[in-house]
Amino acid sequence: MPALQRILLKLSGEALMGDEAFGIHRGTLERIVAEVADVAHLGVQVAIVIGGGNLFRGVAGGAFGMDRATADYMGMLATVMNALALGDTLERAGVRARVMSAIAIDQVVEPYVRPKALQYLEEGKVVVFAAGTGNPFFTTDTAAALRGAEIGAQLVLKATKVDGVYTADPKKDPEARRYQRISFDEAMVRQLQVMDATAFALCRDQNLPVRVFSIFKPGALKRVVMGEDEGTLVHV
C-alpha cells in the first residue's frame, strides 16, 4: 500500500531535455511519464507543476534586457508547451490527464480552478499545472508550494538531477554526504538552496514537507510514495 495518497511533483523544464541543449527529448519525456504512470496506477493522486527552462533557454538571449515581467510571461508560455507535451504523453501511456493553466488560454488549455482540480484528482486523473502562479516575479518552485498547499498534498516532491540534499556538491566534493532528513530552518541556515526562499517559506508555514530526489533514478518516485528512504526529507 502506498504511504501517500496525494502528492505534488515539481518537475523542472530542464528534466525534459535529456542530453539536448534545449527542447524536449522524447525518450526522456516518455521515461519520466512511465515513472508517473507507475505511481498513478497504485491509486496515488498526482499533481504536477512543470517548469519551462528547457524551452525558454532557447530564447533567453533575445530576452536579455527585456522588462522582467515580459520575460516572466514568456517563461510561463514555455511551461504551457511543456505541460501540453506531458499531458499528451501521459494519455498515450494510458493515464488520464488534465492540463490547467494559471493564465487564460481557453482555446488551448482550461484555466486553473481549484475545485475542478480537486475533482480531477479524486477521479484519478493526473493534473498538470502550467504557467506557474500566473504572476511574474514568482518561480515555478513557488507555484509548486502554492498548488501543493491549495490541493492539500501530503508532500511536495522536488525532482532534481541529484538524489537528495548534500552537505556540499557531490560532484565536486567526494566527502559530501546526503541528508536523510533536515528541517526547513537548518536548510535555510546552511543555505542549501533546496528551493527559492518564497517557496521554502510557504512550505514551512503550511507545514508541507518537501522530498528532494532524483527523477533520473529508476523507480525513485515509486519508492518515495511507498514510504521508503529515498532522497532527502525537508520538514518543519
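Residues numbered from 1 in each chain as written. Predicted model: local features only at pLDDT ≥ 70, side-chain atom pairs only at ≥ 80, totals over all residues. Heavy atoms only, no water.

Under an unreviewed UniProt entry, the name given to the protein is Uridylate kinase, and the source organism is Tepidimonas sediminis. As its UniProt record puts it under Subcellular location (unreviewed entry), the protein is described as follows: "Cytoplasm". (UniProt positions renumbered as here; feature names shortened; annotations may be inferred.)

Trainee: Describe the overall build of the protein, naming the residues involved and giving the relevant values.
Mentor: Scanning the protein from terminus to terminus reveals nine helices and nine strands. Computed over its C-alpha atoms, the radius of gyration of the protein comes to 17 Å, within 12% of the 18 Å expected for a compact globule of 236 residues. Along the first, second and third principal axes, the C-alpha atoms of the protein reach 50 × 45 × 35 Å. Taking all 236 residues of the protein together, 50% fall into the buried category. For the protein, the proportion of contacts with a sequence separation of at least 24, taken over those separated by at least 6, is 73%. Accessible surface, the protein as shown: approximately 11,100 Å² in total, 51% of it carbon and sulfur. With 26 positive and 27 negative side-chain charges, the protein shows a spacing of 2 Å between the two charge centroids. (Helix = DSSP H or I, 4+ residues; strand = E, 2+ residues; numbered from the N terminus. Rg over C-alpha atoms; globule rule 2.2 N^0.38 Å. Buried < 20%, exposed > 50% of the residue type's maximum accessible area, 1.4 Å probe, protein only. Contact = heavy atoms within 4.5 Å. Areas by Shrake-Rupley, 256 points an atom, 1.4 Å probe, with all protein chains shown as cover. Lys, Arg positive; Asp, Glu negative; His and termini not counted. Charge placed at Lys NZ, Arg CZ, Asp CG, Glu CD.)

Trainee: Lay out helix 5 (residues 114–122) in plain terms, naming residues and giving numbers.
Mentor: Where helix 5 is concerned, the buried positions are Ala117, Leu118, Tyr120 and Leu121. Summarising the axial view, the buried residues of helix 5 lie within an arc of 160°, below the 170-degree limit, and thus occupy one face. Turned more than 90 degrees away from the buried face of helix 5, the exposed residues are Pro115 and Glu122. Packing partners of the buried residues in helix 5 comprise strand 1 (6–11), strand 2 (45–50), strand 3 (97–101), strand 4 (110–111), strand 5 (126–130) and helix 6 (140–151). Looking one or two residues beyond helix 5, the residue adopting positive phi is Gly124, at roughly 90°. (Arc of directions from axis to C-beta.)

Trainee: Account for the pairing of strand 6 (residues 155–160), naming residues and giving values.
Mentor: Counting buried residues along strand 6, six of its six residues qualify, which places the element largely inside the surrounding structure. Neither face of strand 6 is left uncovered, since the one carrying Leu155, Leu157 and Ala159 and the one carrying Val156, Lys158 and Thr160 both have all their residues buried. Where strand 6 meets strand 8 (residues 210–214), five bridges bridge the pair, whose relative direction is parallel. Considered in strand 8, the bridge of Leu157 is made with Arg211. (Pairing = 2+ DSSP bridges.)

Trainee: Which residues make up the sheet that holds strand 6, and what values go with them?
Mentor: In space, the nine strands of this open sheet follow the order 4-3-5-2-1-6-8-9-7, with mixed pairing throughout. Edge strands, defined here as strands with exactly one partner in the open sheet, are strand 4 and strand 7 (181–183). Where strand 2 and strand 5 come together, three bridges link them in parallel fashion. Within strand 5, the position partnered with Ile48 by the bridge is Val128. Seen against the sheet, helix 4 (residues 68–92) touches strand 1, strand 2, strand 3 and strand 5 and runs at an angle of roughly 170° to strand 3. (Axes fitted to C-alpha atoms, helices over the stretch in contact; angles between N-to-C directions.)

Trainee: Explain the pairing of strand 3 residue by residue, including any values.
Mentor: Two faces make up the sheet, and in a regular strand the side chains alternate between them. Most of strand 3 is tucked away: four of the five residues are buried. Across five bridges, the pairing between strand 3 and strand 5 is parallel. Considered in strand 5, the bridge of Met100 is made with Phe129. Relative to strand 4, strand 3 runs parallel, the two being bridged by two bridges. Bridging across to strand 4, Met100 finds its partner in Glu110.

Trainee: Residue-level account of the nonpolar core, with values.
Mentor: Nonpolar side chains tend to gather and get buried jointly when the protein is soluble and globular. Counting 43 residues, the largest nonpolar core has Ile7, Leu9, Leu11, Leu90, Val126 and Phe213 as the members making the most contacts within it. Where this core is concerned, the elements lending two or more residues are strand 1, helix 1 (26–40), strand 2, helix 4, strand 3, strand 5, strand 6 and helix 9 (220–225). Take this core: its biggest share by element is seven residues, from helix 1. For Leu9, the residues in contact, after removing those within four places along its chain, are Val36, Ala47, Ile48, Val49, Leu157, Ala159, Phe213 and Leu221. Grouped together as the second largest cluster of nonpolar side chains are 32 residues, Tyr120, Leu121, Met195 and Val212 included. (Core = buried A, V, L, I, M, F, W, Y, C linked by side-chain atoms within 4.5 Å.)

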